[in-house]
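Listed below are the residues making up each chain.
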Amino acid sequence: MFTDVVSTSGLSTIPFNRTHIAENELNYLAEVVHQGLNSGNGPFTKRATELLRKLTGSEQVLLTTSCTHALEMSALLLDLREGDEVIMPSFTFVSTANAFALRGAIPVFVDCRPDTLNIDERQVESAITNRTRAIVVVHYGGVGCAMEIISALAERHGLALIEDNAHGLGASYRGRPLGSFGCMATQSFHATKNVQCGEGGALLLNEAGLAARAEIIREKGTDRSRFFRGQVDKYRWVDIGSNYLPSDLVAAQLTAQLESFDRIQVRRHAVWQRYHYELSGWAMENAVAQPMVPEGCLHPAHLYYLLLPDLENRQSFIGHLSQNGVQATSHFEPLHSAPAGLRHGRVASGCPVTEKTADRLVRLPLYADLDEAEVTRVINAVLSYKVV
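So, how was this worked out
- Residues numbered from 1 in each chain as written.
- Predicted model: local features only at pLDDT ≥ 70, side-chain atom pairs only at ≥ 80, totals over all residues.
- Heavy atoms only, no water.
- Axes fitted to C-alpha atoms, helices over the stretch in contact; angles between N-to-C directions.
- Helix = DSSP H or I, 4+ residues; strand = E, 2+ residues; numbered from the N terminus.
- Parallel < 35°, antiparallel > 145°, perpendicular 65-115°, else oblique.
- Left-handed = near helix turned anticlockwise from the far one by under 90°.
- Contact = heavy atoms within 4.5 Å.
- Nonpolar A, V, L, I, M, F, W, Y, C, P; charged D, E, K, R; others polar.
- Phe/Tyr/Trp six-rings, centres within 6.5 Å; stacked < 30°, edge-to-face > 60°.
- Buried < 20%, exposed > 50% of the residue type's maximum accessible area, 1.4 Å probe, protein only.
- 1 Å grid on protein atoms, 1.4 Å probe; cavity = no way out; pocket = protein on both sides within 12 Å on 5 of 7 lines; lining within 4 Å.
- Points joined across faces, edges and corners; volume = space filled by probe spheres on them.
- Pairing = 2+ DSSP bridges.
- Right-handed = clockwise from strand over helix to strand, strands pointing away.

K.L.:
I'm lost on the packing of helix α3 (residues 67–77) against helix α6 (residues 211–218) in this one. Help?
P.N.:
Two elements in contact, α3 and α6, have axes whose closest approach is 10 Å; the angle formed by their N-to-C orientations is 125°. Our classification of the angle between α3 and α6 gives oblique. Remark: the crossing between α3 and α6 carries right-handed chirality. Along its contact with α3, which presents M73, L76 and L77, the element α6 presents R213, A214, I217 and R218. Residues belonging to the contact of α3 with α6 are distributed by class as follows: five nonpolar, no polar and two charged.

The following block contains the structure:
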């Protein structure tokens, strides 16, 4: 989808995303291939895990094959039963809901805030019923949700709090890393993320007693990891689970990316800042909303979006950028009104902000290898559009 093409203007198109190749990435991949230790839980799995511990501050980190699988593991760890309810935003990727629906739980969709596009914390408590088991927050763009309010709600009602932190690696809320507030948090290393290994993820465990069972769930429901540590003489099927463990090839790529995290972030923030400041006048003149980062939130420059006044302008704007050699895209479609959302979930009290946001949002290209000349081209293409 996001490949280099030639636009109608004859210019080479700036793709929406281009994956960054870290300094040691190819060497690490070759090392795994030559050593022949490419199954899961190899040397690079351990190295990537340790780097994530340092970056997130979490003592218990398990690499997974995707953020989707990390979310599925969190649902298994909660022992959800059919009819249990899990509160979450409607404005999120399908995996947030799918992981819990797979266990028979009912996703309960809550509207997003119009400023940060995060779940509206003011509407969470009214969505709680006697069947509610958990609250899942999604830090959109890596901008932290109102965690002091949501954490207090979860504690007061005895609910598990899970952070879908797919966008937020390296971000913080009031000095605390995102991913450290819930009993569990999930990370994504998909090709579009700040650090990536094509497909990959991680589960952060912030509550004592979860790690042992999570390790078993990740290893197909067996105590295989204990066997390889010499803690049991044979490994057996002891719980439900699946194969959520990535190969060491994936971990090798991720290790190199994590080692380059600071350099990647410097470049992404530079692009984000240019967009934000050089487009501010145009945005004000054309009634276009830019990202809002509240005080106390440190964001990771994961994405940069613009909110056009309406769907017609959004579609026209994307077409205009394409004609000028810039590949832009919309983002999430509301889950509450999706076919599977209607079948498997319920909406708490309407999601009008989510519906309007989904119709208006455009994401601009943002990646570490976007050079200054390309950023200038994107900015000029945006400035040449007039909202009608």
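Once the structure has been displayed, the description carries forward.
K.L.:
Explanation requested: the packing of aromatic side chains in the structure shown.
P.N.:
Both the distance between ring centres and the angle between the ring planes are used here to describe each pair of aromatic rings. A full pass over the atoms with the stated rule returns 11 aromatic pairs. When the centroid spacing of 5.0 Å and the interplanar angle of 40° are considered together, the rings of Y28 and F44 count as tilted. One end of the pair, Y28, is in helix α1 (residues 25–35); the other, F44, is in helix α2 (residues 43–56), and 16 residues separate them in sequence. Owing to a relative accessible area of 11%, Y28 belongs among the buried residues under this scheme.

K.L.:
Explanation requested: the layout of surface pockets in the structure shown.
P.N.:
Empty space among the atoms becomes visible once a probe the size of a water molecule is rolled across them. Quantified by volume, the largest pocket comes out at close to 560 Å³. If you trace the largest pocket, you find 27 residues lining it, with F93, T192, K193, H331 and F332 closest to the centre. Among the secondary structure elements, those contributing two or more residues to the lining of the largest pocket are α3 and α4 (94–101). Examining the composition of the lining of the largest pocket, we find that three residues originate from one element, α3, more than from any other. Looking at the lining of the largest pocket residue by residue, the classes come out as nine nonpolar, 14 polar and four charged. The space that makes up the second largest pocket amounts to roughly 440 Å³. Taken together, 22 residues line the second largest pocket, and the ones lying closest to its centre are N41, E215, R218, S225 and R229. Looking at the lining of the second largest pocket, the elements with two or more residues in it are α2, β1 (60–64), α6 and α7 (224–228). Looking at side-chain class alone, the lining of the second largest pocket contains seven nonpolar, seven polar and eight charged residues.

K.L.:
I would appreciate a short explanation of the pairing of strand β2 (residues 85–89) in the present structure.
P.N.:
The two faces of a sheet get side chains in turn, since along a regular strand they alternate between them. With five of its five residues buried, β2 lies for the most part within the structure. Going residue by residue along β2, you find E85, I87 and P89 tucked away on one face and V86 and M88 tucked away on the opposite face as well. With five bridges connecting them, β2 and strand β3 (residues 106–110) associate as parallel partners. The partner of M88 across the bridge, within β3, is F109. Assessed by its sense of winding, the connection that carries the chain from β2 through α4 to β3 is right-handed. Here three bridges tie β2 to strand β4 (residues 132–138), and the two strands are oriented parallel to one another. Paired with I87 across the strands is I135, a residue of β4.

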